[in-house]
Each structure stands twice: as C-alpha cells, then as structure tokens.
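# Reading the structure
The primary structure of each chain is shown beneath.
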Amino acid sequence: MVGYDPGSQGAAVSSEEAAVAGSAAGMVTRALVSPFDILKIRFQLQIEHLSSQRPEGKYWGLFQASRCIRSEEGLSAFWKGHIPAQLLSICYGAVQFASFEFLTEMVHKSTAYDSQTSGVHFVCGGLAACSATMFCQPLDTLRTRFAAQGEPKVYRNLRHAVSTMWRSEGMLVFYRGLSPTLMAVFPYAGLQFFFYNVFKKLLPPPPKAGNSGGNLRSLICGSGAGMISKTLTYPFDLFKKRLQVGGFEAARAHFGQVRSYSGLMDCMLRIAKEEGVRGFFKGLSPSLLKAALSTGFTFFWYEFFLNVMHDVKERRRTNGLAKDLEDR
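Everything quoted here is computed from the prediction, not taken from an experiment.

Detailed conclusions should not be drawn from predicted coordinates in areas where pLDDT is low. Taken residue by residue, the protein chain gives an average pLDDT of 84. The fraction at 70 or more is 88%. Mean pLDDT values for the elements of the protein chain range from 83 in helix α9 (residues 284-327) up to 90 in helix α8 (residues 264-275).

Here you go:
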C-alpha cells in the first residue's frame, strides 16, 4: 500500500490520508526508539575512540553507556528532547508520506514509468525526504541539542532553547548541518523505499490483505531496508550531528573533548585526521538497531493506520448503502 498502486482495488490513498497515517506512524515510532537515538547521538558526538579494550572517552559500549546515562541522568534521559523529537517525527512523517504518494501518482500518470517499480520508489522516496528535511530541519537541530546536553541542563524547555539559540547564534543556527543532511537523506530515504519495495516483492503476500501477517511482513521488510540504507549513508548523519552542536561546546565539556568545525569539509577532514576512518562510523551499532526498529515500525504503523482508515471508510460506505436500500 506504500506508493500509488494503479492495480489497487480500492481508491487511491489521498494526500490527507497519507499525511495522517505518516504523522501517526512517526509519533508512535519515535516514542519506541528514542533511547537508541540518544545513545547514537552521544556516540556520534564523542571525539575519543569508542573501545572497551582501551577506554578513552566517557562512553565505550552500548551497555556501559546505557548504565552511565541511567545512573547520572535518570531514566528520563533516554527521552531527552522528546517534545521536539515528536514534533519532528509527526511533521516529517506527514510531509514525507504525503509527498511520496503524490510523487508516485504523478510519475505514473505523467510518464511511461510504473509507479510500483523499485527505481521509481528510490527517486520519489529521496525527493519526498528532501522536502520533509527542508521543512523539519529546525526541529531536528533542537532535538540534537537536547539529546546532547548533560546535567545541569543548558536549555530548560523548548521555548527557552529557541529563544536562547536565536538570540545568541542567529536564525541560521537552526539549519546547521543541512548540507550533509540533504546529501545523506536523498540516498538514505530513497534506499529505504527501494529495498522496502524489493523485499515486499520477494516475500510471499499474506493470505488475506490487512491481517496480522501483512503487518508482520511490513515490519520485516522495513527493518531490512532500514539497516541497509543506514549502513550505506551513515557518515553523513554523523557529520550532521557534529555540525548541529557547533557553538554548544560548553554544555559538552564534561563529556570529554569538544571540537568546533567551520563547515562540512573541515568536519570531514578533521575527523579523518584525528579519529581515522572508524570515526565516520561512531555510534553505528545503536544506529543500526534504531534504523531497523524505526524504519520497520514506520512502515508497519503507516500501513496499519491506512488500513484502519480504509476499513472505516468501507464500513461507512456499506452502512450508507444499506440505509439507502432500507429507505427504498
């Protein structure tokens, strides 16, 4: 049901339905995967090597970092920045899926390409994600700042963070890291939709559309697509996080070494020089766990909520027809 399907028996998914289902999917998924996102961001921002054999920095492993955050900052620390993160997920899901449904339908009706081919899903998925990224980048920057800060907190709440950042760093601070984000998000999201389409075609369809078997199939296909696409595009996500906390060094001093980068190329070159090639993949382990859960659950809940809306519409239509027959 992801993407315009000319062979579908029911009506095509409208942009409004896609936006509602995408928002709901993003909201539920974000609440479930937030702890992995916090771990990933903490690892990405650490300059010191991540090694349990030769621990240099504050964090050196998944379980050690989890225990450390839990003991120092409390359980709620795994949902730091959850409000901007939820706003981000809701807005991003709405814009991405509404754009994707619109683009696949436009491609099918305006060109000779079939909207259900994997190549079309790659291009439309990438363009949809770029649209969502441009719209939601300020929320992503806020989410990263909240996830990155320790105790005592620099930002008390969302309003305080927005006013402080605007006043001290200017409006453009909310778009820091946008260039590596756009460079990464097109192939990342494109590959997500591409592999999701491929896996859905490889796995046998459930005996009945819309049942639990179909939902499980969506979860499996989405998880596989998320892990592959994240691995292939991961360094750009790390560059984005490093750039987003520029000017935020004081809040991160007790975590270890801090760096300030003048731009994307400076960030790439200094990481390569100081941290080596492995530095580009810091935080990959929690990121892969998060990608598998996040992408899997996003597609799972998106199709789930579309099915719910479709069932409600069918029930209303059936009840309406029955009432018309009674009136006659």
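On to the pattern of salt bridges. One pass over the structure, following the stated rule, counts 22 salt bridges. The closest approach of N and O atoms between Lys80 and Glu73, which form a salt bridge, is 2.6 Å. Grouping residues by exposure puts Lys80 and Glu73 together as buried. Through salt bridges with shared partners, a single ionic network connects Arg30, Asp37, Lys40, Asp140, Arg143, Lys230, Asp237, Lys240, Lys241 and Lys290.

Let us now look at the packing of helix α4 (residues 118-148) against helix α6 (residues 178-202). One way to put it is that α4 packs onto α6 with a least axis distance of 7 Å and a crossing angle of 140°. For the element pair α4 / α6, the angle class is oblique. In this structure, the crossing between α4 and α6 has a hand that is right-handed. Tallied by class, the residues present in the contact of α4 with α6 amount to 16 nonpolar, 10 polar and one charged.

Okay, the nonpolar core next. With 24 residues, the main nonpolar core has Val2, Phe100, Cys124, Phe193, Tyr196, Phe299 and Tyr302 as its most contacted residues. Mapped by element, the contributors of at least two residues to this core are α1 (15-45), α3 (82-110), α4, α6, α7 (212-244) and α9.

Next up on the list: the side chain of Arg217. Among the secondary structure elements, Arg217 is positioned in helix α7. Lacking a salt bridge, the buried Arg217 has Glu303 as its closest oppositely charged neighbour, with an N-O distance of 6.7 Å. Within the local environment of Arg217, its side chain forms a polar contact with the backbone oxygen of Lys200, the two atoms lying 2.2 Å apart. Among the polar contacts made by the side chain of Arg217, one reaches the main-chain carbonyl oxygen of Leu203 at a distance of 3.5 Å.

Let us look at the packing of α3 against α6. Where α3 contacts α6, the axes come no closer than 13 Å and their chain directions differ by 65°. Our classification of the angle between α3 and α6 gives roughly perpendicular. α3 and α6 meet at a crossing whose hand is right-handed. Packed against α3, whose contacting residues are Tyr92, Gln96, Phe97 and Phe100, the element α6 presents Val185, Ala189 and Phe193 at the interface.

What counts and what doesn't
Residues numbered from 1 in each chain as written. Predicted model: local features only at pLDDT ≥ 70, side-chain atom pairs only at ≥ 80, totals over all residues. Heavy atoms only, no water. pLDDT = per-residue confidence, 0-100. Helix = DSSP H or I, 4+ residues; strand = E, 2+ residues; numbered from the N terminus. Salt bridge = Lys/Arg side-chain N within 4 Å of Asp/Glu carboxyl O. Buried < 20%, exposed > 50% of the residue type's maximum accessible area, 1.4 Å probe, protein only. Axes fitted to C-alpha atoms, helices over the stretch in contact; angles between N-to-C directions. Parallel < 35°, antiparallel > 145°, perpendicular 65-115°, else oblique. Left-handed = near helix turned anticlockwise from the far one by under 90°. Nonpolar A, V, L, I, M, F, W, Y, C, P; charged D, E, K, R; others polar. Core = buried A, V, L, I, M, F, W, Y, C linked by side-chain atoms within 4.5 Å. Lys, Arg positive; Asp, Glu negative; His and termini not counted. Polar contact = N/O pair within 3.5 Å; in protein donor to acceptor, adjacent residues only side chain to side chain. Contact = heavy atoms within 4.5 Å.

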